Structures are given as structure tokens and as C-alpha cells.
Amino acid sequence: MATGRTHRPATRSRGIPEATVARLPLYLRALTALSERSVPTVSSEELAAAAGVNSAKLRKDFSYLGSYGTRGVGYDVEYLVYQISRELGLTQDWPVVIVGIGNLGAALANYGGFASRGFRVAALIDADPAMAGKPVAGIPVQHTDDLEKIIDENGVSIGVIATPAGAAQPVCDRLVAAGVTSILNFAPTVLSVPDGVDVRKVDLSIELQILAFHEQRKAGEEAEAQAGAAAQAERENNGKGPDGDFPAVMPA
């Protein structure tokens, strides 16, 4: 089976836009769910709804793959699963190393979705000597002193960084120097990498802050609506008499 160090996905050479590439995993997730339910075909509208995009955008994305579906029938689910998996490079073996086996790193090591998507956790690496040899998710943790050797022996091109922020850049530099060309960064810091190295950043605190912004905005809109309703009620009641019907009239 081919490994990640000798084969790269074909998306760039075929000119598929990055925005389309970013949506392919969404389509694949929706299609996989359909496949598991033994659904043979799906319309663009149904698949778009399941993936959270509009159908016109989906059809445009699929045109880059050379897949146009059949009028009145839709798309063949199994073929699309294969086609998208192939474009994403998921029909081959991708050995991955995770560096930083704290709570987050251990959770990533235990995540079952890696294997089902073509990613094999080849090694777990940590700087703490006390962690060396301890099994996490059935894989013994290895010390960072052996990082370069581990990458070379396993043909690793994808590294996952789950270290504290201060350690992330030095770890990144060592990964890149050892031949890693793609990095998934969970550390709360921005990494500097040379051209030819791809970095994807996952910052949970930023995502929570964005959600907090939306919650605050919704609360503000609700408060404005309540204030507006109260003002309207006051205007409607303005000028009514003590009994709330008509203004009181003084005798002439």
C-alpha cells in the first residue's frame, strides 16, 4: 500500500479551488452516512442539504471532479464516495505522528475516526521522560529525542501538534526538518513554516469566543426587541384616562 511520503493528492494539479477542497470532506461525511443506510442514489438538493451547502454550489464543486450526475436519477452514492476519497488522498495509507500526549493529545490518539478515513497513527511522541513507554490507545508513547528517527522509519508526512504554545514552534521546526510537509496544529499559537508546508490550525478557544460573540449579539437583539415592545406599549397607553379608556375631560 502506498504511503503519504511518496504520493500527494491530485487536487492542486487539477486546479480544484481551495474552497471546494474544504467542502469535499462535508460531502464525503454526508455520502458515507447515506452509504451506511444502503441508499443507492441521491439528488443534488438532498446531498446539499445534508452537507449544509446550496445545491448550485455542490453541482459546481462536483464539476471539478468530472461528476455531473444523471438527470432524474441523481448521483451514485458509492461512486461519489470513491471519487471524493480518491481526490482527498484517502484511498492510500497516511501515517501520522501526534506530538504532545497530554489530555488533548491522548484524546486525539483515542479518536476512532482516523483509521476509518485512511489515517494511521504511527507514533505518539512526548517530551516528558515519565511518559515514555506508557501505552495510550494501545500505542506506546515515545520520547521527542527520537522524533526524527520515528518520522523517517514510518515515512510520515503529516504531523499533529498538541503541545503547549511555547513548545509548538520548536516541535514544528523539527517536524519540517525531518520531512513532514503537512501539520495539524492544536496549540494556541501561530506557526511559521517554509513554502511547501501546509498548516491547518484548530483553536478551540477561538471557536468558543466566536460562539460567545453570537450569544451576546442574540442577547442584545432580544433586549432591544423587549425594549421596543415596552416602548410601543407605553405609546399605546399614553393619554388614556385613569380607567385606561379615553382621556379624562375636565368640566367646562
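Position numbers for residues start from 1 in each chain and track the written sequence from start to end. Since the coordinates come from a predicted model, pLDDT governs what is reported: local features require at least 70, and pairs of side-chain atoms require 80 or more to be given and counted, while whole-chain, interface and lining totals use all residues. As a rule here, side-chain values cover all heavy atoms of the structure and leave hydrogens and water aside.

Novice: Which residues make up the overall build of the chain, and what values go with them?
Specialist: Each helix is a run of H or I in the DSSP string that is no shorter than four residues. Each strand is a run of E no shorter than two, and both are numbered from the N terminus. Looking only at helices and strands, the chain features nine helices and nine strands. Burial here depends on accessible area, computed with a 1.4 Å probe over protein chains only, as a share of the maximum for the residue type. Under 20% is buried, over 50% is exposed, and the range in between is partly exposed. The 252 residues of the chain split such that 37% are buried. The long-range share in the chain, meaning contacts at least 24 apart out of those at least 6 apart in sequence, stands at 58%. Only the protein chains shown count as cover for residues, with accessible areas throughout obtained via the Shrake-Rupley method and a probe of 1.4 Å. Total accessible area on the chain is roughly 14,900 Å²; 56% of this is exposed by carbon and sulfur atoms. Two residues form a contact once any of their heavy atoms are found within 4.5 Å.

Novice: Any details on the pattern of salt bridges? Residues and values, ideally.
Specialist: A pair is scored as a salt bridge if a Lys or Arg side-chain nitrogen falls within 4 Å of a carboxyl oxygen belonging to Asp or Glu. Overall, the coordinates contain six salt bridges when judged by the stated rule. Residue E45 is joined to R59 by a salt bridge in which the shortest nitrogen-to-oxygen separation is 3.6 Å. Taken together, the residues E45 in helix 2 (residues 44-51) and R59 in helix 3 (residues 55-64) connect sequence positions 14 residues apart. Among the ionic pairs, D93 bridges to R120, the shortest N-O distance being 3.0 Å. With D93 in the loop between helix 4 (77-87) and strand 3 (94-99) and R120 in strand 4 (residues 119-126), this pair connects stretches of sequence that are 27 residues apart. Since its relative accessible area comes to 13%, D93 is described here as buried.

Novice: So what about the packing of aromatic side chains? Which residues, and what values?
Specialist: The geometry of an aromatic ring pair comes down to the distance between the two centres and the angle between the two planes. Put simply, two rings from Phe, Tyr or Trp (the six-membered ring, in Trp's case) pair if the centres are within 6.5 Å, and we call them stacked under 30 degrees between planes, edge-to-face over 60, tilted for the rest. Within this structure, the stated rule accounts for three aromatic pairs. Geometrically, the ring pair formed by F62 and Y75 is edge-to-face, given 5.1 Å between the ring centres and 85° between the ring planes. Linking F62 in helix 3 with Y75 in strand 2 (residues 75-76), this pair joins segments that are 13 residues apart in sequence. This pair shows no difference in class: F62 is buried, exactly as Y75 is. Ring centres of Y111 and F114 lie 5.2 Å apart, and the angle between their planes is 85°; this geometry places the pair in the edge-to-face category.

Novice: Can you break down the pairing of strand 7 (residues 158-161) residue by residue, with the values?
Specialist: Of the two faces of strand 7, the one holding I158 and V160 and the one holding G159 and I161 are both buried throughout. Any two strands with at least two DSSP-identified bridges between them are counted as paired. Pairing between strand 3 and strand 7: four bridges, direction parallel. Paired with V96 across the strands is I158, a residue of strand 7. Sheet topology places strand 7 next to strand 8 (residues 182-185); four bridges connect them, and they run parallel. Following the sheet pairing, V160 is matched in strand 8 by L184. Taking the sense of rotation as the criterion, the β-α-β connection linking strand 7, helix 8 (residues 165-177) and strand 8 turns out right-handed. A crossover gets the label right-handed when its path from the first strand over the helix to the second runs clockwise, viewed with the strands pointing away from the viewer.

Novice: Please give an account of a negative patch on the surface that cites residues and values.
Specialist: Where like charges cluster on the molecular surface, the negative patch consists of D145, D146, D152 and E153. Considering the arrangement of structural elements, one finds D152 in helix 7 (residues 147-154). The patches described consist of residues with a relative accessible area above 30% and no salt bridge, like charges being joined within 9 Å and nonpolar side chains (Val, Leu, Ile, Met, Phe, Trp, Tyr) within 5 Å. Positive charges come from Lys and Arg, negative ones from Asp and Glu, while His and the chain ends are left out of the count. One atom stands in for each charge, and that atom is NZ of Lys, CZ of Arg, CG of Asp or CD of Glu.

Novice: Summarise the environment of A48; cite the residues concerned and give the values.
Specialist: Locating A48 in the fold gives a position in helix 2. Judged by its relative accessible area of 1%, A48 falls in the buried class. Each C-alpha atom, one on A48 and one on Y27, is 7.9 Å from the other, the two residues being 21 residues apart in sequence. Apart from residues lying up to four places away in sequence, A48 is in contact with V53, N54, S55 and L58.

Novice: Which residues make up the packing of helix 2 against helix 3, and what are the values?
Specialist: Contact pair helix 2 / helix 3: the axes reach a minimum separation of 8 Å and the direction vectors enclose 100°. Put simply, helix 2 runs roughly perpendicular to helix 3. Facing helix 2, whose interface residues are S44, E45, L47 and A48, helix 3 presents S55, L58, R59 and F62. Structural elements are reduced to axes, namely lines fitted to C-alpha atoms, with helices fitted over the stretch in contact, and the angle between N-to-C directions of any two is expressed from 0 to 180 degrees. Our angle categories are set so that under 35 degrees counts as roughly parallel, over 145 as roughly antiparallel, 65 to 115 as roughly perpendicular, and the remainder as oblique.

Novice: Describe the confidence of the model for the chain, and please don't skip the residues or the numbers.
Specialist: Scored from 0 to 100, pLDDT reflects the predictor's confidence in each residue. Mean pLDDT for the chain: 87, with 89% of residues reaching 70 or above. Predicted confidence is poor over residues 1-13, with pLDDT under 50, and the contacts of this stretch with residues over four places away or in other chains come to 35 contacts.

Novice: Which residues make up the side chain of S85, and what are the values?
Specialist: Structurally, the position occupied by S85 is in helix 4. Residue classification places S85 among the buried residues on the basis of a relative accessible area of 13%. Apart from the residues lying within four places of it in its own chain, the contact partners of S85 are L28, L90 and T91.

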